[in-house]
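Descriptive analysis of the structure
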2 protein chains.
Amino acid sequence: MAGTLRDMRLFVAAYEERSFTAAARREHATQSGVSQHIRNLEDALGVSLFAREKGHVLPTPAGESYYARAVEVLRAHEAATSAARLHAGGLEGKIVVGLMPTLTRLALAPTLARFVQHHPNLVVSIVEGYSASLTAQALAGELDFAIVPAFSGSPGLRSRLFVRTQEVLVSSPGAPYLHARPVRLRDLDRLKLVVPSPANTRRHLIEAYVGSNGVKVERMIELDAMLGTLDFVARTEWSAVLPAVMLEPEETRYTVAPIVDPTFTLDLVQIEPSRRTLSSAAEAFRTVLAQETSRLAAPWAALTMVDAV
Amino acid sequence: MAGTLRDMRLFVAAYEERSFTAAARREHATQSGVSQHIRNLEDALGVSLFAREKGHVLPTPAGESYYARAVEVLRAHEAATSAARLHAGGLEGKIVVGLMPTLTRLALAPTLARFVQHHPNLVVSIVEGYSASLTAQALAGELDFAIVPAFSGSPGLRSRLFVRTQEVLVSSPGAPYLHARPVRLRDLDRLKLVVPSPANTRRHLIEAYVGSNGVKVERMIELDAMLGTLDFVARTEWSAVLPAVMLEPEETRYTVAPIVDPTFTLDLVQIEPSRRTLSSAAEAFRTVLAQETSRLAAPWAALTMVDAV
DNA sequence: CCCGTCGATCAGGAAATCAGATGCCCCATG
DNA sequence: CATGGGGCATCTGATTTCCTGATCGACGGG
């Protein structure tokens, strides 16, 4: 194919300057080099591009025509270069992170927004799932890490505390307790609870709390769909026990109250394949996610300092 | 600056094939070469473009972004190349030709049309003028050649017959003779003639013909503007003696008749600086111009075979 | 467990690139 | 008319780049 980018740059300079010597000055080359490059172009194209006249050169019709397109090429090349450079600066590679709906509902968006801005060339893949499937995928080495509720541990997985958050009771706006004020579950009669299936770690934590604190539960239904659970409690007299980081104090569709006396907290842990060490990209993502999650957890934790009603 | 065209071609191939090896096959290179070129790009851009995975490579976000622009660059480069190649094939350089209005009125357009099509990279410059100025410019070496009425010759100029054409009498449609039939000037009374100034060779030729053939001229005015002359005779009872190649038999604004008994012809000669040899480009132009001029002259010459009225 | 594939890297030779010197042409100047 | 200078082409040698073939390590399929 005809013409390298350097050929074209020198040609464009010569066209605009109407002089090989001036073009050489402008492009930090020598007159000889310009002459050679333009001869290359002319040979490759089979057309002369300049008429060599006294004291200057004059573009031929072919030169005029080629110039118009050559500047396009150079422009496009600069655009390509700077577009790619926009992605420079951050970490590179790919991370795959497993998250529960608990974290994807609110914490994920601001985390991703900040993270991809700082690491534009890093491919981030989020796998949403419940504790059971995330644990399995982490064991299979398909995830850099995952965030799940604290559990007894598993060989092949390393775990460390990620964030501790309140459990809150979520009901429709007409619920018999106050929004954003601590609530004692045993004070509530005829509690109808939506709970996850036994495959989910949190089901056991909820049953343990209920059983050991004299909470009177009238009915339970199992629902492993987080969006469905939220919609269901918003429209009925059913309630759910959910991690606080899923909800903002400003929610209007729900009555949300941190569960106290005793305080019911959930420890979220980070798990990763123990044979691997966390990549620095995954480490960076974990840090941002932890910041955003803690930010969401903080107001609810503060509310437990207030007296229950 | 970052990235040569070859870098980009190999990158694009690798992007599309998702494989360095396949890209090398497609671009007639080696796997090693592709690897090196893409490393070059990545170093120059400061960004990794591919994530190297098992059995294939996967573009990073930067790779995706760069690809979109890189294909633009390659497209633009191909467009530039083929645009320039359109100008290949014919002669190159520049010719400057001096022509009288006699030839520019009808013969020039078809000549140029044919000529520039066959010689797209040749710059053609036409200088319009009357015999005096064209001769001067030819002598000064400013013209490759010029076409002028035959004259006595001048040192420094070489001349050869170009085309012989009829002189015709041109009047308004109401003239007292028939269009496209031979006319005898001495049969016409009260001829009012528009003639060129004495600086123009044809003035002498006309006066010589008129004087030696008993033509009765009532009045003469000098007009060195050819367009003005045509318009003037179309609107008045004045007439002009003009070379036939300026007029087509289908003219409707004029009554045009070849002058016979004796036949009045004009020899157009080609003059060129005698110190130079005619460039092949000029030679080619002369040939096309002669063809077109002869084509215009032919029907008028044929008419002189018919009896005068 | 071996073999085939893929990408990275290295080393050597081929090719392109560059810079300086020189020649030529033309113009301006005196 | 001689001369000097500017501009381009061309030659040449040195440097750099480019390409290829070989080899290595990693991984996956049979």
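Residues numbered from 1 in each chain as written. Chains lettered and ligands numbered in written order. Predicted model: local features only at pLDDT ≥ 70, side-chain atom pairs only at ≥ 80, totals over all residues. Heavy atoms only, no water.

Details of the pattern of salt bridges
Here the idea is simple: oppositely charged side chains can pair when their charged atoms come close. Rules: Any Lys or Arg side-chain nitrogen located within 4 Å of an Asp or Glu carboxyl oxygen qualifies as a salt bridge. We count a stretch as a helix when DSSP gives it H or I for four or more residues in a row; a strand needs E for two or more, and each element gets its number in order from the N terminus. Exposure is judged per residue with a 1.4 Å probe applied to protein chains only, and the accessible area is read against the type maximum: over 50% gives exposed, under 20% gives buried, and values in between give partly exposed.
Enumeration over the complete set of coordinates arrives at 44 salt bridges over all chains. A salt bridge links D43 of chain B to R39 of chain B; the shortest N-O distance between them is 3.8 Å. Of this pair, D43 of chain B and R39 of chain B both sit in helix α3 (residues 31-45), separated by 4 residues, roughly a single helical turn. Owing to a relative accessible area of 53%, D43 of chain B belongs among the exposed residues under this scheme. In this structure, R203 of chain B engages E222 of chain B in a salt bridge whose closest nitrogen and oxygen atoms are separated by 2.8 Å. Remark: E222 of chain B occurs in strand β8 (residues 217-222) and R203 of chain B occurs in helix α8 (residues 201-212); sequence separation between them is 19 residues. When its relative accessible area of 11% is taken as the criterion, R203 of chain B is described as buried. Put simply, E16, E17, R26 and E27 of chain A are held in one network by salt bridges that share partners.

A word on the protein's contact with DNA strand C
Using the following cut-off: Here a residue is considered near a molecule or strand provided that any single heavy atom belonging to it is located within 4 Å of it. Throughout this description, a polar contact denotes any pair of N or O atoms lying within 3.5 Å of each other; where both atoms belong to protein, one of them has to be capable of donating a hydrogen while the other can accept it, and for residues adjacent in sequence the pair is counted only when both atoms sit in side chains.
Neighbouring DNA strand C are 18 residues, the closest being H37 and K54 of chain A together with T21, S35 and R52 of chain B. Atoms of DNA strand C within 4 Å of the protein belong to the sugar or the phosphate in 66% of instances, the rest to bases. Within the side chain of R6 of chain A, a nitrogen or oxygen atom sits 2.8 Å from a phosphate oxygen of DNA strand C. A distance of 3.3 Å is found between a base oxygen of DNA strand C and a side-chain nitrogen or oxygen belonging to S32 of chain B. Going through the elements one at a time, α3 (31-45) of chain A together with α2 (20-26) and α3 of chain B are the ones with two or more residues in the surface near DNA strand C. Counting residues per element, the surface near DNA strand C draws most heavily on α3 of chain B, which supplies 5 residues.

With respect to the protein's contact with DNA strand D
As a reminder of what qualifies: When residues are sorted by character, Ala, Val, Leu, Ile, Met, Phe, Trp, Tyr, Cys and Pro go into the nonpolar class, Asp, Glu, Lys and Arg into the charged class, and all the rest, Gly among them, into the polar class.
Neighbouring DNA strand D are 20 residues; T21, S35 and R52 of chain A together with R6 and H37 of chain B lie closest to it. Here the atoms of DNA strand D within 4 Å of the protein split so that 63% fall in sugar or phosphate, with bases taking the remainder. H37 of chain B places a side-chain nitrogen or oxygen 2.3 Å from a phosphate oxygen of DNA strand D. Considering only residue class, the surface near DNA strand D consists of 3 nonpolar, 13 polar and 4 charged.

Quick notes on the interface of chain A and chain B
The line we're drawing: Residues are treated as being in contact if the distance between any of their heavy atoms lies within 4.5 Å.
At the junction of the two partners, chain A supplies 37 residues and chain B supplies 37 residues. Taken together, the links from chain A to chain B amount to 0 salt bridges. Counting across the interface, chain A meets chain B through 14 residue pairs in polar contact (both at pLDDT 80 or more). Where the side of chain A that touches chain B is concerned, the elements lending two or more residues are α1 (5-17), α3, α4 (61-85) and β4 (122-128) of chain A. Looking at which element gives the most residues to the side of chain A that touches chain B, the answer is α4 of chain A, with 17 residues. When grouped by side-chain class, the residues that make up the side of chain A that touches chain B number 21 nonpolar, 10 polar and 6 charged.

Comments concerning the relation of the copies chain A and chain B
Superposition of the two copies of the chain requires a rotation about an axis and a shift along the axis. The test is simple: Only residues with pLDDT of at least 70 in both copies contribute their C-alpha atoms to the least-squares superposition of the copies.
Mapping chain A onto chain B calls for a screw motion: a turn of 179 degrees about the axis and a shift of 0.0 Å along it, with 0.2 Å RMSD after fitting. Taken together, these values place the two copies in the relation of a two-fold axis. Of every C-alpha in chain A, the one belonging to V73 of chain A sits nearest the axis of rotation, 2.7 Å from it. A shared binding surface is used by both copies, with 100% of the interface residues of chain A retained as interface residues in chain B.

Observations regarding the domain arrangement of chain A
It is common to give the size of an interface as the accessible area lost on bringing the parts into contact. Which entries qualify depends on this criterion: Domain extents, as shown, originate in an automatic or database domain assignment.
Domain boundaries assigned for chain A yield domain 1 (5-85) and domain 2 (93-303). Here domain 1 of chain A and domain 2 of chain A have C-alpha centroids that lie 63 Å from each other.

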